[in-house]
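The residues making up each chain are set out below.
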Amino acid sequence: MSDDRTAERDGISATYDETETERVLEFTAVDGGESTARAGATAAIAQNIEGYAMLKVRPTADGDELERYYGFDMALDHAAELLGVSPHDLPVPAAAEDMGM
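Reading the values: rules and limits
- Residues numbered from 1 in each chain as written.
- Predicted model: local features only at pLDDT ≥ 70, side-chain atom pairs only at ≥ 80, totals over all residues.
- Heavy atoms only, no water.
- Helix = DSSP H or I, 4+ residues; strand = E, 2+ residues; numbered from the N terminus.
- Buried < 20%, exposed > 50% of the residue type's maximum accessible area, 1.4 Å probe, protein only.
- Polar contact = N/O pair within 3.5 Å; in protein donor to acceptor, adjacent residues only side chain to side chain.
- Contact = heavy atoms within 4.5 Å.
- Pairing = 2+ DSSP bridges.
- Axes fitted to C-alpha atoms, helices over the stretch in contact; angles between N-to-C directions.
- pLDDT = per-residue confidence, 0-100.
- Salt bridge = Lys/Arg side-chain N within 4 Å of Asp/Glu carboxyl O.

K.L.:
For this particular structure, what's the right way to read the side chain of Lys56?
P.N.:
Its place among the elements puts Lys56 in strand β5 (residues 55-58). Among the residues examined, Lys56 registers a relative accessible area of 15% and is labelled buried. Only 3.2 Å separates the side chain of Lys56 from the side chain of Glu22, close enough to count as a polar contact. With near-sequence residues (within four places) excluded, Lys56 lies in contact with Glu22, Ala44, Ile45, Ala46, Glu65, Glu67 and Arg68.

K.L.:
How should I be thinking about the pairing of strand β1 (residues 6-9) in this particular structure?
P.N.:
The two faces of a sheet get side chains in turn, since along a regular strand they alternate between them. The pairing of β1 with strand β2 (residues 12-18) spans four bridges and is antiparallel. Paired with Arg9 across the bridge in β2 is Ile12.

K.L.:
Where do I start with the sheet that holds strand β6 (residues 67-69) in this structure?
P.N.:
Adjacent strands of a sheet form backbone hydrogen bonds with each other and so pair up, either parallel or antiparallel. Strands sit in the order β1-β2-β3-β4-β5-β6 across an open sheet of six strands; the sheet is antiparallel. Each end of this open sheet is capped by a strand with a single partner; those strands are β1 and β6. Within the sheet, the average angular offset between the axes of one strand and its neighbour, ignoring direction, is 20°. As paired strands, strand β4 (residues 42-48) and β5 are joined by three bridges and run antiparallel to one another. Across the sheet, Ala46 pairs through a bridge with Lys56, a residue of β5. Set on the sheet, helix α1 (residues 72-83) makes contact with β2, β3 (22-29), β4, β5 and β6; between it and β4 the angle comes to about 155°.

K.L.:
Teacher, can you tell me more about the confidence of the model for the protein chain here?
P.N.:
If pLDDT is low for a region, its predicted coordinates should not be looked at in detail. Confidence in the prediction of the protein chain, expressed as mean pLDDT, is 90, and 90% of residues score 70 or more. When mean pLDDT is taken per element in the protein chain, β5 scores highest with 97 and β1 scores lowest with 94.

K.L.:
What's the story with the environment of Asp4 in this structure? I'm lost.
P.N.:
With respect to the element layout, Asp4 can be found in the segment before β1. Assessed through its relative accessible area of 46%, Asp4 is described here as partly exposed. A C-alpha to C-alpha distance of 5.5 Å links Asp4 and Pro93, two positions 89 residues apart in sequence. Setting aside anything within four residues of it in sequence, one finds Asp4 in contact with Pro93, Ala94 and Ala95.

K.L.:
Before we go on, may I ask you to explain the pattern of salt bridges in this structure?
P.N.:
Pairing between side chains of opposite charge can happen when their charged atoms approach one another. Applying the stated criterion across every chain yields a total of four salt bridges. Between Arg58 and Glu22 there is a salt bridge whose closest N-O contact spans 2.6 Å. Remark: Glu22 occurs in strand β3 and Arg58 occurs in strand β5; sequence separation between them is 36 residues. By relative accessible area, which is 12% here, Glu22 ends up buried. In this structure, Asp98 engages Arg23 in a salt bridge whose closest nitrogen and oxygen atoms are separated by 2.5 Å. Linking Asp98 in the segment after α1 with Arg23 in strand β3, this pair joins segments that are 75 residues apart in sequence. For Arg23, a relative accessible area of 7% translates into the label buried. Salt bridges sharing partners connect three or more residues here, namely Glu22, Lys56 and Arg58.

Written out as structure tokens, the structure reads:
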């Protein structure tokens, strides 16, 4: 599966979506991959719809904020930690590549 809003690699799927107020990148660990991620584990990175505010890391797309970061790399590090994988294992859909400040 791969288009500009979704990506999958090594048992981790990523979905990018926009709501009325936020840009949201959600990761889910799925069965069958070579990843060390825990099956069913999730993490999300959210930013305001204008794309200039700090990134919020959450356990799920609609979960409570865990931490805020200026940089996309730092937010990816935290999301990867929640999934139990390396940040380099996270697939990032093209539509989400410009998240962060």
